[in-house]
Each structure stands twice: as structure tokens, then as C-alpha cells.
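# A look at the structure
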Amino acid sequence: MAECKGTRCVPYPAVEQQDIQALHRMRSLTVERRTVQVNQVRGLLLEYGIEIPQGRATLMRCLPEILEDAENGLSERFRAELNRLLEELRHLDAQVAHFDTQIQVIAQSDETAQRLMTIPGIGALIATALMAAVGEDVGLFRNGRALAAWLGLVPRQHSTGGRERLLGISKRGDVYLRQLIIHGARAVMRWVKRKEDATSRWARALKSRRPTNVAAVAMANKIARMAYAVMRTGKPYDATLGALAKG
């Protein structure tokens, strides 16, 4: 058991958990390197008067055309270096795709991951990251709120003059996993207008009275609580009920 003060302890991970965590870390590092390089290429081209809209996909689509355009004023030397950066970006894309495939294979072969993926907003990436971070004994957490708190997805409170004020989320725990869940929550919030299940109705009501970012974090909190229930009970999520499946 890991030793710590002032926070909930989780056991040291087993080898399989460590493998999954390593895959996630390697993928995360590769994505960061790719993002830095995309921004570098955009910045370099801007110095030559060539502006490319933000977005990796846009850059990867426009860059070959820029390299082939003999009338854009780029020197042969710079064009050659730019082509080298393009090849590096393609290599990074292939690395990310490789890690995604490995993570998908793990998720498809694990029953817990399959059950977690029945929850809106949770795909193979979040399911395997949760499994690796929490481990087999989710009972270390008293309830779903405790898991959400461990992930830093509950509001901080401040008392003054006998009154309590809710502040921003605590941002404790696993930063990477918290960001993944919030990203998944944002994806859910984009599609709630088109759905009529219980969770989507709850999300629509939330969006109508809270700022976008606040609503996304609240959805992330709900996803974490649902994940706890799924891992604790071994039952999948039922979208028609907005709760665990019966049986």
C-alpha cells in the first residue's frame, strides 16, 4: 500500500496496471510532442507570410500543397526542412495510432473496460486509464463522490461568516485522468440536444443554467460517479434508465 498523508491511498499497481499506465504516458508524451511541432510549423510559415488555420488536421492537409506550390516564395532550403518536419509529424501520427490500437485491444479484451464503455463519454482511453489508476479494488473509495473527489472533480468549499461558498474544482489527484474525463464530458454535452435519455435531459437542464465549462465539469463528476457504480457492482450502465442495468 502506498503511504501518503492527507489524501486517499491506493495500492501500488500490479504489472498489468503498470503496463497500461506506461502506454498512456507514452501516448500522452507523443501527443504533446506532436502539438508542439504543429505549432512550430504554423509559426515558421507565418514568418514567411503563409497563415494556416489552427488544427492538426488542417495543417496536415495544407502542408503538402504548400510544399508543392512553387510560387509561394519559399526557398529550396526551407522547403526541404519543412518537408522533414512533415515527415516527423507523420511519424508521430503513426505512433499515436499505434498506442491507440494497443489501448483498444486491452479495452476489448477486458470485461470491466467493456462495462465502463457503456457510460456516455467513456471510450477505450478513459476506461483503461481508470482501470490502471484505480486498480481492482474500487472499494478503497467509500462511494462515487469519494472517487470524484480523488480525481479533483468536486467543488472546493470556503466558509466565512457562517456561510459556505463553492469555489472551483479542487484539481487534486491524477491530472491526466481528470482531463480525459472532462474531455469525454464535453463530447457528451455536444450531443445532448439530440437525445432523450435521462442523462441527456439532466445535461440539457444543467446547460440552461450554468456556464459551459461549469456544466462540463459537472458532467465529468457525474461520469466519475457512474464509473464507480459500474466498477463496484459489475453491472453495465443502462442509458434508457440513466442508471445501472438491472439483473
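Preceding this paragraph is the structure being described.
Computed from a prediction, not measured in an experiment: that's the story for all the values here. (Residues numbered from 1 in each chain as written. Predicted model: local features only at pLDDT ≥ 70, side-chain atom pairs only at ≥ 80, totals over all residues. Heavy atoms only, no water.)

So, about the overall build of the protein. Regarding its fold elements, the protein presents nine helices and four strands. Ordered by position from N to C terminus, the α and β elements of the protein give α-α-α-α-α-α-β-β-α-α-α-β-β. Taken over 247 residues, the protein has a buried fraction of 39%. Restricting the contact set of the protein to residue pairs at least 6 apart, pairs at least 24 apart contribute 53%. Of the roughly 14,600 Å² of accessible surface on the protein, 50% is carried by carbon and sulfur atoms. (Helix = DSSP H or I, 4+ residues; strand = E, 2+ residues; numbered from the N terminus. Buried < 20%, exposed > 50% of the residue type's maximum accessible area, 1.4 Å probe, protein only. Contact = heavy atoms within 4.5 Å. Areas by Shrake-Rupley, 256 points an atom, 1.4 Å probe, with all protein chains shown as cover.)

Here we come to helix α3 (residues 76-108). A rise of 1.5 Å per residue sets the reference length of α3, with its 33 residues, at 48 Å; its end C-alpha atoms lie 48 Å apart and thus fit the reference within 8%. Here α3 has its buried residues at Phe 78, Arg 79, Leu 82, Leu 85, Leu 86, Leu 89, Leu 92, Val 96, Phe 99, Ile 103 and Ala 107. Where the residues of α3 are buried, they touch α1 (15-47), α2 (56-68), α4 (111-116) and α5 (124-134). (Expected span 1.5 Å × (residues − 1).)

For the rest of this paragraph, the subject is the pattern of salt bridges. By the definition in use, this model includes eight salt bridges. The partner of Arg 90 in a salt bridge is Glu 87, and the shortest N-O contact between them spans 2.7 Å. Here Glu 87 and Arg 90 lie together in helix α3, a separation of three residues that amounts to about one turn. Residue Glu 87 is classed as partly exposed on the basis of its relative accessible area, which comes to 39%. One network of salt bridges, with partners in common, ties together Arg 34, Arg 56 and Asp 93. (Salt bridge = Lys/Arg side-chain N within 4 Å of Asp/Glu carboxyl O.)

Moving on: the layout of surface pockets. As a volume, the second largest pocket reaches approximately 330 Å³. Around the second largest pocket sit 14 residues that line it, and Asp 110, Thr 112, Met 131, Gly 135 and Glu 136 are the ones nearest its centre. It is α1 that contributes the most residues to the lining of the second largest pocket, three residues altogether. A breakdown of the residues in the lining of the second largest pocket according to their chemical character gives seven nonpolar, three polar and four charged. (1 Å grid on protein atoms, 1.4 Å probe; cavity = no way out; pocket = protein on both sides within 12 Å on 5 of 7 lines; lining within 4 Å. Points joined across faces, edges and corners; volume = space filled by probe spheres on them. Nonpolar A, V, L, I, M, F, W, Y, C, P; charged D, E, K, R; others polar.)

With that settled, the discussion passes to the packing of aromatic side chains. The final tally for this structure, using the stated rule, is two aromatic pairs. Ring geometry for Tyr 48 against Phe 78: centres 4.2 Å apart, planes inclined by 20°, an arrangement best described as stacked. With a gap of 30 residues between them, Tyr 48 in the loop between α1 and α2 and Phe 78 in helix α3 connect regions that are remote in the sequence. Assessed through its relative accessible area of 11%, Phe 78 is described here as buried. Lying across the ring of Trp 202, Lys 222 places its NZ or CZ 4.6 Å from the centre. (Phe/Tyr/Trp six-rings, centres within 6.5 Å; stacked < 30°, edge-to-face > 60°. Lys NZ or Arg CZ within 6 Å of the ring centre and 35° of its normal.)

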